[in-house]
Amino acid sequence: MADPVGDILGDYRAFAAQQHDRLLARGIDIRPYALSHLAFREPEWDQYVHVRTLLERHASASVENVWNGRPISLIVLAEPLEVLDGMSVSLIELIPPVHQRVYKMGLEHLGVVIGDEVDAFSREHRAVLTGQQFQSPDVEPYYVLFEDFTHVKFYRLSLHDGVILQGARFGGFVHVDDWVPQRLVTATGPNPLPR
């Protein structure tokens, strides 16, 4: 069976299964919860734009906005991806070059919707959680960082619903038109501008 999104992202099923197994080993079972999204990182601006174009061929809508100094695309797939038995995602968070630290390129994190009990969930699993991000008032995921710099993030609302609360609208394909890639120097070395 053809899997054009898998041809772009790689083996997302194996990635989700790996993250699921890693969480089980830490005492967290995500099967009772819905999945929010898969995140995919690109190391260079030109590659990000190319992958965005490829993914949008299989999407019904996308919204790109600037967060932490660079655009990030949220792409709603026309057909959800089954990533674990009976668990699917329809949102891809596509992230361009890094902004502040070491990240895994390619499939980088899996988002899980815990719901209103996310704070109680975080207290129950505090010993194995790495931290919490404060992306916006409605998007404050807890997360586990693994040895290979991949993550699983735990949300109150799906990322899709969280950004809608912040005013995003998924109607057509929206891109940031006036952003210019910047030269970044990180702990792992320079990240030059695409030529």
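Computed from a predicted model, the values in this text were never measured in an experiment.

The rules behind each value
- Residues numbered from 1 in each chain as written.
- Predicted model: local features only at pLDDT ≥ 70, side-chain atom pairs only at ≥ 80, totals over all residues.
- Heavy atoms only, no water.
- pLDDT = per-residue confidence, 0-100.
- Helix = DSSP H or I, 4+ residues; strand = E, 2+ residues; numbered from the N terminus.
- Pairing = 2+ DSSP bridges.
- Expected span 1.5 Å × (residues − 1).
- Buried < 20%, exposed > 50% of the residue type's maximum accessible area, 1.4 Å probe, protein only.
- Arc of directions from axis to C-beta.
- Contact = heavy atoms within 4.5 Å.
- Axes fitted to C-alpha atoms, helices over the stretch in contact; angles between N-to-C directions.

### Notes on the confidence of the model for the chain
Keep in mind that low pLDDT regions are not for reading the predicted coordinates in detail.
Now for step 1: Residues with a pLDDT of 70 or more make up 90% of the chain, whose mean pLDDT is 88.
Now for step 2: Confidence, expressed as mean pLDDT per element, reaches its minimum in the chain at strand β11 (residues 189–191) with 53 and its maximum at helix α2 (residues 12–25) with 97.

### Quick word on the pairing of strand β2 (residues 59–67)
Now for step 1: In the sheet, β2 pairs with strand β3 (residues 70–84) via eight bridges, with the strands oriented antiparallel. The partner of V66 across the bridge, within β3, is P71.
Now for step 2: The antiparallel pairing of β2 with β3 creates a hairpin that spans two residues between the two strands, and N68 there sits at a positive phi of about 55°.
Now for step 3: Inspection of the sheet shows β2 paired to strand β9 (residues 173–174) by two bridges, in the parallel sense. The residue bridging V63 from the neighbouring strand is V174, located in β9.

### Topic: α2
An α-helix turns once every 3.6 residues. As a result, residues three or four positions apart point the same way.
Now for step 1: Between its first and last C-alpha atoms α2 spans 20 Å; for 14 residues at 1.5 Å apiece the expected length is 20 Å, and the two agree.
Now for step 2: Those residues of α2 not exposed but buried are Y12, F15, A16, Q19, H20, R22 and L23. Angularly, the buried residues of α2 cover 165° about the axis, an arc narrow enough to put them on a single face.
Now for step 3: Where α2 is buried, its residues meet α1 (4–9), β1 (34–41), β3, β5 (106–113), β7 (142–145) and β8 (151–155).
Now for step 4: Positioned one or two residues after α2, G27 has a phi angle of 90°, which is positive.

### Regarding the sheet that holds β2
Now for step 1: Judged by pairing direction, the sheet is mixed, and its nine strands sit side by side in the order β6-β7-β8-β5-β1-β4-β3-β2-β9 without closing on themselves. Each having just a single partner strand, β6 (131–132) and β9 make up the two edges of the open sheet.
Now for step 2: Summarising the sheet, β5 and β8 pair through five bridges and their orientation is parallel. Residue pairing for β8: V113 is matched across the bridge by Y155.
Now for step 3: Seen against the sheet, α2 touches β1, β3, β5, β7 and β8 and runs at an angle of roughly 90° to β3.

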